[in-house]
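Each chain, written out:
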Amino acid sequence: LEGKTDPHALRTRAALLLKQNRIPEAVRIMDGREPHKRWCDIAVSAYILDGQVDKAQAIVQWTLGLADRTHYFQCRVRQAEALMVRALAAHKTGTRILPHQITGEEGEGLLAVVAAIQPVLQPIVVAGVPSSELEVAALQIAYQAHQLLRDRAGVAKCMDLLSKWTPVPTDVARGIVG
């Protein structure tokens, strides 16, 4: 993939670098290029994880001009995921984070997550049921954010919608049983 500049190669290379937590290198792949629908969601993640939230937001706004709204929703989900990672960066990866451990600054970051994911959630709420794995991912992000923010109404709404998806996500099943 080295040296290739087609959209698929750029997406694959940047995604691999993100997976390896080589964020600055992933950002360099996207920098200076016009956004492309094939890799715009990966770029949103990379820019946010690199602290360049404005660049990420510009790409999200760019997707609003595309005929296929799926790219916009994919970017919003990636945006929320990356914002969640940044908000909770002080916590050790792989450890369970409890609501009482959330600082004021982390809470503000989680509110940004909820705001970022809201446009994806609106059609799900209207339909009353998620219709894709992307929508389930959005609901899971919102569920986690609401849980950490101690927002019972938000948790309940997400749990209700997620419980209508088959199979029910494990963390939601635990919440229903527990």
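As shown above, the structure is provided for reference.
Residues numbered from 1 in each chain as written. Predicted model: local features only at pLDDT ≥ 70, side-chain atom pairs only at ≥ 80, totals over all residues. Heavy atoms only, no water.

(A) Geometry of the overall build of the protein chain. Looking only at helices and strands, the protein chain features nine helices and zero strands. The C-alpha atoms of the protein chain give a radius of gyration of 17 Å, which matches the 16 Å a tight globule of 178 residues would have. Counting across all 178 residues of the protein chain, residues that qualify as buried make up 41%. Across the protein chain, contacts joining residues at least 24 apart in sequence account for 56% of those joining residues at least 6 apart. Total accessible area on the protein chain stands at roughly 9800 Å², and carbon and sulfur atoms take up 53% of it. Positive and negative side-chain charges in the protein chain, numbering 21 and 18 respectively, have mean positions lying 3 Å apart. (Helix = DSSP H or I, 4+ residues; strand = E, 2+ residues; numbered from the N terminus. Rg over C-alpha atoms; globule rule 2.2 N^0.38 Å. Buried < 20%, exposed > 50% of the residue type's maximum accessible area, 1.4 Å probe, protein only. Contact = heavy atoms within 4.5 Å. Areas by Shrake-Rupley, 256 points an atom, 1.4 Å probe, with all protein chains shown as cover. Lys, Arg positive; Asp, Glu negative; His and termini not counted. Charge placed at Lys NZ, Arg CZ, Asp CG, Glu CD.)

(B) The arrangement of helix H4 (residues 53-63) in detail. Residues of H4 that are buried: Ala-56, Ile-59, Val-60 and Thr-63. Buried residues in H4, looked at end-on, bunch into an arc of 100°, giving them a common side. On its buried face, H4 is in contact with helix H3 (40-49) and helix H5 (70-87). (Arc of directions from axis to C-beta.)

(C) Main features of the packing of H4 against H5. Interaxial distance between H4 and H5 falls to 8 Å at its minimum, and their mutual angle equals 160°. Classed by the angle they form, the pair H4 and H5 counts as roughly antiparallel. For the pair H4 and H5, the crossing hand works out as left-handed. Taken together, the residues of H5 that come into contact with H4 (itself represented by Gln-57, Val-60 and Thr-63) are His-71, Tyr-72, Cys-75, Arg-76 and Gln-79. When the residues that make up the contact of H4 with H5 are grouped by side-chain class, the tally is three nonpolar, four polar and one charged. (Axes fitted to C-alpha atoms, helices over the stretch in contact; angles between N-to-C directions. Parallel < 35°, antiparallel > 145°, perpendicular 65-115°, else oblique. Left-handed = near helix turned anticlockwise from the far one by under 90°. Nonpolar A, V, L, I, M, F, W, Y, C, P; charged D, E, K, R; others polar.)

(D) Here's a closer look at the nonpolar core. In this structure, Met-30 and Ile-117 are the most contacted members of the largest nonpolar core, which totals 54 residues. Listed by contribution, the elements that provide at least two residues to this core are helix H1 (7-19), helix H2 (23-30), H3, H4, H5, helix H6 (104-127), helix H7 (133-148) and helix H8 (152-162). Element by element, the count of residues in this core is highest for H5, at nine residues. Apart from the residues within four sequence positions on either side, Ile-117 is in contact with Arg-76, Val-77, Ala-80, Ala-138, Ile-141 and Ala-142. (Core = buried A, V, L, I, M, F, W, Y, C linked by side-chain atoms within 4.5 Å.)

(E) Molecular detail of the side chain of His-146. Mapped onto the fold, His-146 is located in helix H7. His-146 gets classed as buried once you look at its relative accessible area, which sits at 10%. At a separation of 2.8 Å, a polar atom in the side chain of His-146 contacts the side chain of Asp-151. Here His-146 is in contact with Val-114, Asp-151, Gly-154, Val-155 and Cys-158, once residues within four sequence places are set aside. (Polar contact = N/O pair within 3.5 Å; in protein donor to acceptor, adjacent residues only side chain to side chain.)

(F) Representation of the packing of H1 against H3 in the model. Their axes nearest at 10 Å, the elements H1 and H3 cross at an angle of 35°. Regarding H1 and H3, the two cross each other, and that crossing is left-handed. Seen from H1, the contacting residues are Arg-11, Ala-14, Ala-15 and Leu-18; seen from H3, they are Asp-41, Ile-42, Ser-45, Ala-46 and Leu-49. Taken together, the residues of the contact of H1 with H3 break down into six nonpolar, one polar and two charged.

(G) Layout of unusual backbone geometry. In the segment running from Thr-166 into Pro-167, the intervening peptide bond is cis, with an omega of -5°. Within the secondary structure, Pro-167 sits in the loop between H8 and helix H9 (170-177). Phi is positive for Asn-21, close to 60°, though the residue is something other than glycine. Structurally, Asn-21 can be placed in the loop between H1 and H2.

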